[in-house]
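Structure at a glance
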Amino acid sequence: MMDFIGGEILYFNKPLDWTSFDLVNKFRNKLSRKLKVKKIKVGHAGTLDPGATGVMIVCTGKATKRIEEFQYQTKEYVATMKLGETTPSFDLETEVDHTYPTAHITCDNVREALAAFVGEISQVPPVYSACKIDGKRAYKLARKGREVPLKAKTLVIDEVELLACDLPVIKIRVACSKGTYIRALARDIGIALSSGAHLIALERTRIGNVTLDMCMSPDRIDDFLEEITIKTISDEAI
């Protein structure tokens, strides 16, 4: 029996073009109707951009207190990057603004560059991010054409592996700490290769011990809620 008020932890595979809030909101609404309550706490651990897919941990009820615990666990991503081009957002959200040479880059060069990012590194977050400047989100300022001064943060990259090298496109696997922006890593890899780069696909494949094969598609929420036995509680008792 599942007790969503007492607290449950679920694993979802976030679809492409959904915001993290879209997924949480969809599940919360369906769960509220199933429980016949007006509201229930539902939150997620670790935001994914709309252009990214993969593992999202969703907590309900009293289990939302564990969100920070999950956020600090190691995350793993598979990222596809295109060398020789940059965008203001470091991904496909914005149009290409500059092009750079790539003829000098070999797959061996890429492997050498990636190795330099393993360990403790300093990273400046993307201007198109949720970082706050004077109480305002950086991406809101960036979209208005405002200058967005962001400070470098120290973080840890545990592993970087080159999965595919079909220049100018590369695919890598990254295991990293909380606060790592893979879009910013793409930017920095491009700079390290004396070129440019931006992210063209991103999938989060793991948070802690939670892997993609353990995750539910949002398309299965209705079936899932029908199949399980749920502990119910009156609206007034929440």
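Residues numbered from 1 in each chain as written. Predicted model: local features only at pLDDT ≥ 70, side-chain atom pairs only at ≥ 80, totals over all residues. Heavy atoms only, no water.

Before going further, it helps to spend a moment on the overall build of the protein. Summing up its helical and strand segments, the protein has 6 helices and 13 strands in all. Taken over 238 residues, the protein has a buried fraction of 46%. Across the protein, contacts joining residues at least 24 apart in sequence account for 71% of those joining residues at least 6 apart. Of the roughly 12500 Å² of accessible surface on the protein, a fraction of 49% belongs to carbon and sulfur atoms. (Helix = DSSP H or I, 4+ residues; strand = E, 2+ residues; numbered from the N terminus. Buried < 20%, exposed > 50% of the residue type's maximum accessible area, 1.4 Å probe, protein only. Contact = heavy atoms within 4.5 Å. Areas by Shrake-Rupley, 256 points an atom, 1.4 Å probe, with all protein chains shown as cover.)

With that settled, consider the pattern of salt bridges. A complete count under the given rule lists 13 salt bridges for this structure. Across the salt bridge formed by Arg187 and Asp188, the nearest N and O atoms sit 2.7 Å from each other. Residues Arg187 and Asp188 agree in their burial class; the two are buried. A single network of salt bridges, built from pairs that share partners, joins Glu76, Glu159, Glu161, Arg173 and Arg206. (Salt bridge = Lys/Arg side-chain N within 4 Å of Asp/Glu carboxyl O.)

Attention now moves to the state of the cysteines. Each disulfide consists of one covalent bond between the sulfur atoms belonging to two cysteines. Summed over the entire model, instances satisfying the criterion amount to 1 disulfide. Disulfide partner of Cys107: Cys165, at an S-S distance of 2.2 Å. Taking the sign of the torsion about the S-S bond as the criterion, the disulfide between Cys107 and Cys165, at about -100°, is left-handed. Taken as a pair, Cys107 in helix α3 (residues 107-115) and Cys165 in strand β10 (residues 153-166) lie far apart in primary sequence, 58 residues in all. Of the residues examined, Cys107 reaches a relative accessible area of 24% and is grouped as partly exposed. (Disulfide = S-S within 2.5 Å.)

On to helix α1 (residues 20-35), then. A rise of 1.5 Å per residue sets the reference length of α1, with its 16 residues, at 22 Å; its end C-alpha atoms lie 23 Å apart and thus fit the reference within 8%. By the burial criterion, the buried members of α1 are Ser20, Leu23, Val24, Phe27, Lys30, Leu31, Ser32 and Leu35. Those residues of α1 that are buried are in contact with β1 (9-14), β2 (42-45), β3 (52-60) and α6 (221-227). (Expected span 1.5 Å × (residues − 1).)

Right, let's get into helix α5 (residues 182-192). Burial runs high along α5: 9 of the 11 residues are buried. Buried residues of α5: Ile182, Arg183, Ala184, Leu185, Ala186, Arg187, Asp188, Ile189 and Gly190, and no others. Just past α5, the residue Ser194 takes up positive phi, approximately 55°.

A separate point is the packing of aromatic side chains. The tally for this structure, following the rule as stated, stands at 2 aromatic pairs. Sitting above the plane of the Tyr72 ring, Lys178 keeps its charged end 5.2 Å from the centroid. (Phe/Tyr/Trp six-rings, centres within 6.5 Å; stacked < 30°, edge-to-face > 60°. Lys NZ or Arg CZ within 6 Å of the ring centre and 35° of its normal.)

Another aspect to go through is the nonpolar core. Phe4, Phe27, Met81, Ile172, Ile182 and Leu225 are the most contacted members of the largest nonpolar core, which totals 49 residues. In terms of residue count, the dominant contributor to this core is α1 (5 residues). Setting aside residues up to four positions removed in sequence, Ile172 forms contacts with Tyr77, Val78, Ala79, Met81, Leu114, Val160, Glu161, Leu162, Leu163, Leu185 and Ile189. If you look at the next biggest cluster of nonpolar residues, it comprises 10 residues, including Ala45, Ile57, Cys59 and Ala63. (Core = buried A, V, L, I, M, F, W, Y, C linked by side-chain atoms within 4.5 Å.)

Glancing now at the environment of Ile105. Inspection of the secondary structure assignment puts Ile105 in the loop between β6 (98-99) and α3. For Ile105, a relative accessible area of 7% gives the class buried. Taking the C-alpha atoms as reference points, Ile105 and Leu83, 22 residues apart in sequence, are found 9.3 Å from one another. Aside from chain neighbours lying at most four places away, what touches Ile105 is Leu83, Val110, Leu167, Leu193 and Ser195.

This brings us to the pairing of β3. Counting buried residues along β3, 9 of its 9 residues qualify, which places the element largely inside the surrounding structure. Inspection of the sheet shows β1 paired to β3 by 6 bridges, in the antiparallel sense. Each bridged residue has a counterpart across the sheet, and for Phe12 the counterpart in β3 is Met56. Pairing geometry for β2 and β3, over 4 bridges, is antiparallel. Across the sheet, residue His44 finds its bridge partner in β3, namely Val58. As paired elements, β3 and strand β12 (residues 197-207) share 3 bridges and run parallel to each other. (Pairing = 2+ DSSP bridges.)

This part is about the pairing of β10. Judged from the 5 bridges that link them, strand β7 (residues 119-123) and β10 form a sheet pairing that is antiparallel. By the bridge assignment, Ile121 is partnered in β10 with Leu155. Here β10 folds back onto strand β11 (residues 169-176), and the loop between the two strands holds 2 residues.

Take it as geometry only, folks, not as evidence of what the structure does.
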